[in-house]
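Coordinates in review
Here's the letter readout for the chains.
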Amino acid sequence: QSHLLGIEPLAPAEIGALLDLADRYADLNRSGRGHLDVLTGLTQINMFFENSTRTQASFELAGKRLGADVMSMAMAQSSVKKGETLIDTALTLNAMRPDLLVVRHGQSGAVDLLAQKVTDCAVLNAGDGRHEHPTQALLDALTIRRRKGRLHRLSVAICGDIAHSRVARSNILLLGKMENRVRLVGPPTLIPAGAGDLGVEVYHDMREGLRDVDVVMMLRLQKERMDGGFIPSEREYYHRYGLDAEKLACARDDAIVMHPGPMNRGVEIDGTLADDIHRSVIGTQVEMGVAVRMAAMDLLARNLRAARGARVVEV
Ligand code: CP
């Protein structure tokens, strides 16, 4: 692949190879030996048109650990505020000859469009609208694989606001490709019509949906994408769909609890449960985020260098 735009185009073997490399980076990071030079001489530009804590910080850290020259654009202070379009901004930055462009944007498909416009540069999707958040699904997969010892034939419940979630979409695609059983659990208003066509089971009752699952993945209510539509009351939502110890007891005894963050304690998840190191792997997800982004940029840089080498030979 020359870009990482989504999980959709990836083959299971490509996902497995990326996770194997990320696993090695995770071990190196844990042992303090994660500072390497595989991206030395390359320039990475991060463009986040939407807010981010985890994704932006971990992409920056991943690039620096691998020796890239990293620049994170402050989009709020950029010429986007003067009316410059996404494409003109990207072409301007592309003219400065970056090697890796990491982009988050509020519009679904914006990052794909941008990837078609830039040249000689690998584009990584850091989340586009409701469409995809591939590195989140990959870091979730690595977390599951390390904790459960495998990434196949697991039963995974993705719970909450599925309709507005790019994290849900990327996870449904990835978990399906790796032959896991996926359940979507949430109120009918927050599960997209036709979700059953994605090869998942749909539940509207939390206790039924969690019955005997291996993994419980919680999502926040994404009010910023609800476009004036129905927003449930937080109290009522927590009562019916918030994860607490009583509802989690329906899952397997060794079920793990995940959340991509940012987390709203007392809305979609009980704060004590989120901090329970025996069940919650939320901290590990953040840690794996750095390793997965190191692996993704390493692999794309190898492809970029190979393509450049091939062009030199042609000349
Ligand atoms: N999970 C995630 O994308 O978090 P941020 O919005 O903080 O990057």
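Because the structure is a prediction, the values reported are computed rather than measured. (Residues numbered from 1 in each chain as written. Predicted model: local features only at pLDDT ≥ 70, side-chain atom pairs only at ≥ 80, totals over all residues. Heavy atoms only, no water.)

**Points about the site of the ligand**
- Near the ligand the following residues occur: Ser 52, Thr 53, Arg 54, Thr 55, Arg 104, His 133, Gln 136, Pro 260 and Gly 261.
- One of the backbone nitrogen or oxygen atoms of Thr 53 is found 2.8 Å away from an oxygen atom of the ligand.
- Note that a nitrogen atom of the ligand is positioned 3.1 Å from one of the backbone N or O atoms of Gly 261.
- When the ligand is considered free in solution it has 260 Å² of accessible area, and contact with the protein chains removes 92% of it.
- Classifying every residue of the shell around the ligand by side-chain character gives one nonpolar, six polar and two charged. (Near = heavy atom within 4 Å. Polar contact = N/O pair within 3.5 Å; in protein donor to acceptor, adjacent residues only side chain to side chain. Areas by Shrake-Rupley, 256 points an atom, 1.4 Å probe, with all protein chains shown as cover. Nonpolar A, V, L, I, M, F, W, Y, C, P; charged D, E, K, R; others polar.)

**Let's talk about the nonpolar core**
- Formed by 61 residues in total, the largest nonpolar core has its most connected members in Leu 124, Leu 138, Ile 144, Ile 158, Leu 174 and Leu 184.
- Setting aside anything within four residues of it in sequence, one finds Ile 144 in contact with Gly 149, Arg 150, Leu 151, Leu 154, Leu 175, Val 215, Met 217, Ile 256 and Met 258. (Core = buried A, V, L, I, M, F, W, Y, C linked by side-chain atoms within 4.5 Å. Buried < 20%, exposed > 50% of the residue type's maximum accessible area, 1.4 Å probe, protein only. Contact = heavy atoms within 4.5 Å.)

**Points about the packing of helix H3 (residues 86-94) against helix H4 (residues 110-117)**
- Interaxial distance between H3 and H4 falls to 10 Å at its minimum, and their mutual angle equals 45 degrees. By the angle between their directions, the pair H3 and H4 is classed as oblique. Two packed elements cross with a definite hand, and for H3 against H4 that hand is right-handed. From H3, Leu 86, Ile 87, Ala 90 and Leu 91 reach across to H4, where they touch Ala 110, Leu 113, Leu 114 and Lys 117.
- Residues that form the contact of H3 with H4 fall into these classes: seven nonpolar, no polar and one charged. (Axes fitted to C-alpha atoms, helices over the stretch in contact; angles between N-to-C directions. Helix = DSSP H or I, 4+ residues; strand = E, 2+ residues; numbered from the N terminus. Parallel < 35°, antiparallel > 145°, perpendicular 65-115°, else oblique. Left-handed = near helix turned anticlockwise from the far one by under 90°.)

**Describing the environment of Arg 211**
- Tracing the chain through its elements places Arg 211 in the loop between helix H7 (206-210) and strand E8 (215-218).
- For Arg 211, a relative accessible area of 42% translates into the label partly exposed.
- Sequence separation of Arg 211 and Ala 296 is 85 residues, and the distance between their C-alpha atoms is 34 Å.
- Sequence-distant contacts of Arg 211, that is, excluding residues within four places in its chain, are made with Arg 183 and Cys 250.

**A few points about the sheet that holds E8**
- Strand order in this open sheet of five strands is E7-E6-E5-E8-E9, and the pairing throughout is parallel. A single partner strand is all that each edge strand has here, and the edge strands are strand E7 (201-203) and strand E9 (256-258). Sheet twist, expressed as the average angle between the axes of neighbouring strands with direction ignored, equals 20 degrees.
- Pairing analysis gives five bridges linking strand E5 (residues 155-159) to strand E6 (residues 181-185), with the strands arranged parallel. The residue of E6 that forms the bridge with Ala 157 is Arg 183.
- The strands touched by helix H5 (residues 134-148) within the sheet are E8 and E9, with E9 carrying the most contacts at an inclination of about 165 degrees.
- Contacts between helix H6 (residues 166-177) and the sheet are confined to E5, E6 and E8, with E5 contributing the most and set at about 170 degrees to the helix. (Pairing = 2+ DSSP bridges.)

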